[in-house]
Amino acid sequence: MKPQGNTILITGGGSGIGAALAQRLHDAGNTVIVSGRRLDALQAAIAGRPNMHAIVLDIDNAVAIEAFAQEVLSAFPALNVVIHNAGIMRLEPLDTRRDLADAEATITTNLLGPIRLNNALIDHLVAQPDAVIVTVTSGLAFVPMTVASTYCATKAAIHSYTVSLREELKGRVEVIELAPPAVQTGLTPGQENRPGYQPLNEFADEVIALLLAQPTPAEVLVERVKFLRNAEAEHRFDQTVVQLNAFAAQARAAST
Ligand SMILES: NC(=O)c1ccc[n+]([C@@H]2O[C@H](COP(=O)([O-])OP(=O)(O)OC[C@H]3O[C@@H](n4cnc5c(N)ncnc54)[C@H](OP(=O)(O)O)[C@@H]3O)[C@@H](O)[C@H]2O)c1
């Protein structure tokens, strides 16, 4: 990904990781469009920043995605980078029959959202110089946190989808996967200050250094996520499942 002069769309750019990356990419000399459901959050993220723009999108709505893509492309015909960052995470019991609303919402937002938005933008992107698609998965795509099973499954699915995109678009669109570790954001209740999770600014600074490196690595992995990303390759998958889930349970207990 070239470091500056891009026109970048970031979903979920009004808070957390999306806003932190949007502002840093803007600081680096890029035009940045942030999207999400909450206009007030988007406006706060772009406040005082010329060349940052906010457009509302509920990525759960397939019809709205098509209209949104047309709106973005007519206002920003130079769009060459999309960062699929919007996501939700819900904790779900697996040992008792339940309403599957959380599981279905997670699949709609985290898996169908990027697939639908890519579909709406792909004809434009393949014709664009320096085109880039960035997906945002998670360390949990590689080792699941079992209390968030559907979430982890959607992130593993997006990892697989990203591998397919990269192969199919080789030589035409650069495809990058960002897999964050546990980061202090509002993704789940109590997570913003949770001990043991990476502070947001530290994480975003580390990501930007990797994302703007030439060439950009195909997987953007900060140091803290390598424990999960490399668990299987290093033949410690089963023990890492146990360690991760013990750590996560302790961290949740300490911050509730
Ligand atoms: N924080 C972590 O520990 C961590 C670790 C690994 C991966 N991630 C991933 O990083 C990404 C960003 O999460 P975050 O930690 O920064 O949490 P966050 O602050 O809650 O950000 C999630 C963003 O997604 C947007 N969003 C959610 N549902 C949406 C919908 N239906 N339509 C449009 N936008 C929607 C939200 O905006 P609105 O509410 O305004 O719509 C919000 O700005 C997610 O994909 C998450 O899975 C996070």
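To be clear, the structure that these remarks concern was listed above.
These figures come from a predicted structure and were not determined experimentally.

Chemist: Quick question: what am I supposed to make of the overall build of the protein here?
Modeler: For the protein, the count of helices and strands is eight helices and seven strands. For 256 residues, the compact-globule formula gives about 18 Å, and the C-alpha radius of gyration of the protein, at 18 Å, lands near that figure. Expressed along its principal axes, the backbone C-alpha trace of the protein runs to roughly 50 × 35 × 35 Å. Looking at the protein as a whole, 49% of its 256 residues qualify as buried. Look at the contacts in the protein between residues 6 or more apart in sequence, and 64% of them connect residues 24 or more apart. Charge separation in the protein, taken as the distance between the mean sites of 19 positive and 26 negative side-chain charges, equals 2 Å.

Chemist: I keep staring at the sheet that holds strand E4 (residues 81–84) and nothing clicks. Help me out?
Modeler: Backbone-to-backbone hydrogen bonds join strands into a sheet, with any given pair of strands oriented parallel or antiparallel. Judged by pairing direction, the sheet is parallel, and its seven strands sit side by side in the order E3-E2-E1-E4-E5-E6-E7 without closing on themselves. Strands with a single pairing partner mark the edges of an open sheet, and in this sheet they are strand E3 (52–56) and strand E7 (219–220). With six bridges connecting them, strand E5 (residues 131–136) and strand E6 (residues 173–178) associate as parallel partners. Paired with alanine 131 across the bridge in E6 is valine 173. Along the sheet face, helix H1 (residues 16–27) touches strand E1 (7–11), strand E2 (31–36), E3, E4 and E6 and points at about 170° away from the line of E1. Each of E5, E6 and E7 is contacted by helix H5 (residues 149–168), which is oriented at about 160° to E6, the strand it contacts most.

Chemist: Help me understand the pairing of E6, please; the structure alone is not making it clear to me.
Modeler: The two faces of a sheet get side chains in turn, since along a regular strand they alternate between them. Counting buried residues in E6 gives five out of six residues, a clear majority hidden from the surface. Of the crossover connections in this fold, the one passing from E5 over H5 to the parallel E6 is right-handed. In this structure, E6 lies alongside E7, joined through two bridges in parallel fashion. Its bridge partner lying in E7, glutamate 177 is registered against glutamate 219.

Chemist: Before we go on, may I ask you to explain the side chain of histidine 26 in this structure?
Modeler: Relative to the helices and strands, histidine 26 resides in helix H1. In this structure the side chain of histidine 26 is engaged in a polar contact, spanning 2.9 Å, whose partner is the side chain of arginine 49.

Chemist: Just checking my understanding: could you explain the site of the ligand for this structure?
Modeler: Neighbouring the ligand are 29 residues, the closest being Ile17, Arg37, Arg38, Tyr151 and Thr185. Contact distances for the ligand include 2.8 Å between an oxygen atom and a backbone N or O atom of asparagine 85. When the ligand sits alone it has 870 Å² of accessible area, and the protein chains cover 94% of it. For the shell around the ligand, the secondary structure elements donating two or more residues are H1 and H5. Grouping the amino acids of the shell around the ligand by side-chain chemistry returns twelve nonpolar, twelve polar and five charged.

Definitions and limits used
- Residues numbered from 1 in each chain as written.
- Predicted model: local features only at pLDDT ≥ 70, side-chain atom pairs only at ≥ 80, totals over all residues.
- Heavy atoms only, no water.
- Helix = DSSP H or I, 4+ residues; strand = E, 2+ residues; numbered from the N terminus.
- Rg over C-alpha atoms; globule rule 2.2 N^0.38 Å.
- Buried < 20%, exposed > 50% of the residue type's maximum accessible area, 1.4 Å probe, protein only.
- Contact = heavy atoms within 4.5 Å.
- Lys, Arg positive; Asp, Glu negative; His and termini not counted.
- Charge placed at Lys NZ, Arg CZ, Asp CG, Glu CD.
- Pairing = 2+ DSSP bridges.
- Axes fitted to C-alpha atoms, helices over the stretch in contact; angles between N-to-C directions.
- Right-handed = clockwise from strand over helix to strand, strands pointing away.
- Polar contact = N/O pair within 3.5 Å; in protein donor to acceptor, adjacent residues only side chain to side chain.
- Near = heavy atom within 4 Å.
- Areas by Shrake-Rupley, 256 points an atom, 1.4 Å probe, with all protein chains shown as cover.
- Nonpolar A, V, L, I, M, F, W, Y, C, P; charged D, E, K, R; others polar.

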